[in-house]
Amino acid sequence: MPPVSILMKPASGSCNMLCEYCFYCDEQKNRTQKSYGMMEEKTARNIIRKALAYAEGGCAIAFQGGEPTLRGIDFYYKVAEYVEKYNKKKIPVTYAFQTNGTNINEEWCRLFKNCGFLVGISLDGIWKTHNCYRHAKNGKETFDRILETCKMLKQYDVPFNILTVVHDQTAQYLNEIYSFYSKKGFDYQQYIPCIDPLQQEKGKMHYSLDPAEYGKFLIRLFEKWSEDIHTGRSIYIRQFDNYIGILKGYEPEACDQRGCCGIQYVIEADGSVYPCDFYMMDEYCLGNANTDTFGEMDENRKKIRFQEESLKISQTCKNCRYLKLCRGGCQRNRNKLPDGTWENYFCEGYRLFFDTCYDKMVEIAQDF
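Residues numbered from 1 in each chain as written. Predicted model: local features only at pLDDT ≥ 70, side-chain atom pairs only at ≥ 80, totals over all residues. Heavy atoms only, no water.

### With respect to the pattern of salt bridges
And step 1. Taken as a whole and assessed by the stated rule, the structure comprises 18 salt bridges.
And step 2. For Arg-233, the salt bridge identified is with Asp-187, shortest N-O distance 2.8 Å. With a gap of 46 residues between them, Arg-233 in the loop between helix H8 (211-230) and strand S7 (236-237) and Asp-187 in the loop between helix H7 (174-184) and strand S6 (188-193) connect regions that are remote in the sequence.
And step 3. Through salt bridges that share partners, Glu-309, Lys-312 and Lys-336 make up one connected network. (Salt bridge = Lys/Arg side-chain N within 4 Å of Asp/Glu carboxyl O. Helix = DSSP H or I, 4+ residues; strand = E, 2+ residues; numbered from the N terminus.)

### Focus on the sheet that holds strand S10 (residues 287-288)
And step 1. As summarised here, the arrangement of the 10 strands in space is S7-S6-S5-S4-S3-S2-S1-S8-S9-S10, forming an open sheet in which the pairing is mixed. With one partner strand each, in any of the chains shown, S7 and S10 form the two edges of the open sheet.
And step 2. Of the strand pairs in this sheet, S6 and S7 are connected by 2 bridges, and their pairing is parallel. In the strand pairing of S7, Gln-189 is matched with Ile-237.
And step 3. In the packing of helix H2 (residues 41-54) onto the sheet, the strands contacted are strand S1 (4-8), strand S2 (59-63), strand S3 (93-99) and strand S8 (265-267), and the crossing angle to S1 comes to about 165°.
And step 4. Sitting on the sheet, helix H10 (residues 294-304) touches S1, S8, strand S9 (272-274) and S10, and the angle it makes with S8 is about 105°. (Pairing = 2+ DSSP bridges. Contact = heavy atoms within 4.5 Å. Axes fitted to C-alpha atoms, helices over the stretch in contact; angles between N-to-C directions.)

### As for the packing of aromatic side chains
Each pair of aromatic rings is reported with the distance of its centres and the angle of its planes.
And step 1. This model, assessed by the stated rule, comprises 43 aromatic pairs.
And step 2. Note on Phe-222 and Phe-353: the rings are 6.0 Å apart at their centroids and 75° apart in plane angle, and the pair reads as edge-to-face. Of the two residues, Phe-222 is situated in helix H8 and Phe-353 in helix H14 (residues 347-367); the sequence distance between them amounts to 131 residues. A single burial state applies to Phe-222 and to Phe-353, both of which are buried. (Phe/Tyr/Trp six-rings, centres within 6.5 Å; stacked < 30°, edge-to-face > 60°. Buried < 20%, exposed > 50% of the residue type's maximum accessible area, 1.4 Å probe, protein only.)

### Here we look at the environment of Asn-335
And step 1. With respect to the element layout, Asn-335 can be found in strand S11 (residues 334-336).
And step 2. Taking the C-alpha atoms as reference points, Asn-335 and Ala-254, separated by 81 residues in sequence, lie 20 Å from one another.
And step 3. The residues touching Asn-335, leaving out its near neighbours within four places in the chain, are Lys-202, Thr-341, Trp-342, Glu-343 and Tyr-345.

### Section: the packing of helix H9 (residues 238-247) against H14
The angle between the axes and the distance between the axes are what describe a pair of packed helices.
And step 1. It is at 10 Å that the axes of H9 and H14 come closest, and there the two elements cross at 60°. The orientation of H9 with respect to H14, classified from their angle, is oblique. As for the relative orientation of H9 and H14, their crossing is right-handed in sense. For the pair H9 and H14, contact is made by Gln-239, Phe-240, Tyr-243, Ile-244 and Leu-247 and by Tyr-350, Phe-353, Phe-354, Tyr-358, Met-361, Val-362, Ile-364 and Ala-365, respectively.
And step 2. Considering only residue class, the contact of H9 with H14 consists of 12 nonpolar, 1 polar and no charged. (Parallel < 35°, antiparallel > 145°, perpendicular 65-115°, else oblique. Left-handed = near helix turned anticlockwise from the far one by under 90°. Nonpolar A, V, L, I, M, F, W, Y, C, P; charged D, E, K, R; others polar.)

### A short note on H2
And step 1. Along its 14 residues, H2 runs 20 Å from first to last C-alpha, staying within 8% of the 20 Å computed at 1.5 Å per residue.
And step 2. Along H2, the positions that sit buried rather than exposed are Thr-43, Ala-44, Asn-46, Ile-47, Ile-48, Lys-50, Ala-51, Leu-52 and Tyr-54.
And step 3. Residues of H2 that are buried make contact with S1, S2, helix H3 (73-86), S3, S8 and H10. (Expected span 1.5 Å × (residues − 1).)

Quick look at the structure:
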């Protein structure tokens, strides 16, 4: 078996924030049971024990929500204990932790530092663009609190990256956002296009991202990133670094840039396992880590043909000169065509971006 990638939701969809575009809130509405409460330690133990027995070469363990801090800090120390106990093959194990950043204090920073966690902080740019859609449940703004968290993480020398959702507002203020991130020293950045609700026509929500606007956003972001690259400043932007890697012959680590859905195990608080964070509904359940083996869940993955479906790109995609880089994008952002194939909703934006920046990317790949 190859390395195993696990994404655990120890607090299920529980969260102390109420973000207007939250895709997981939407998924919860589209399944029989909305929330699975808090993950029990025995479930975490079963996940770790079975995953480490199944994995070869390495195991990546990530935590997400909802808001994973709501499970409490002791849970994560317990997970680290289980990894130490059950890692009989002594394979490399990495930890990642995606958080809204509002609950982080010095105790959490010590956990992250002591256990070697890479932390992802959700921050939608500047004050104006962040606070418009990302609110605490009581309606209060969260921007200033998250900046305090980032400062604290730096003080404890905890590696972290910034995850920014590209919605209608962040797309408009890219120049200000990039400048702000540069001043703050946020040199590791991810930009993810906003996802519209399931079973609804894309582009109809008040926060929806227009494909053409997304393309313009990517162009402006790439220009700023490439300027920094050529002046010797190393800014990591996941999407662009993966594109350069593809041009240099490497396999991208981002699943939405591989052309095929990857093999993941996304695990709810009750132990239920799904193939992707964007498809945690009843019809996609692969089994339960408390009762099933990872091998059995992989067999169920084959039965629902989850990966195979992601390969059904349209003839237009197959004929596109940019397919080598684009690869059809994330399945969750695609629309199904009458012939049963899929085409990315943001295709217009990607074409606009590649038309402008493809040759520049080739140059960067040759130079670095």
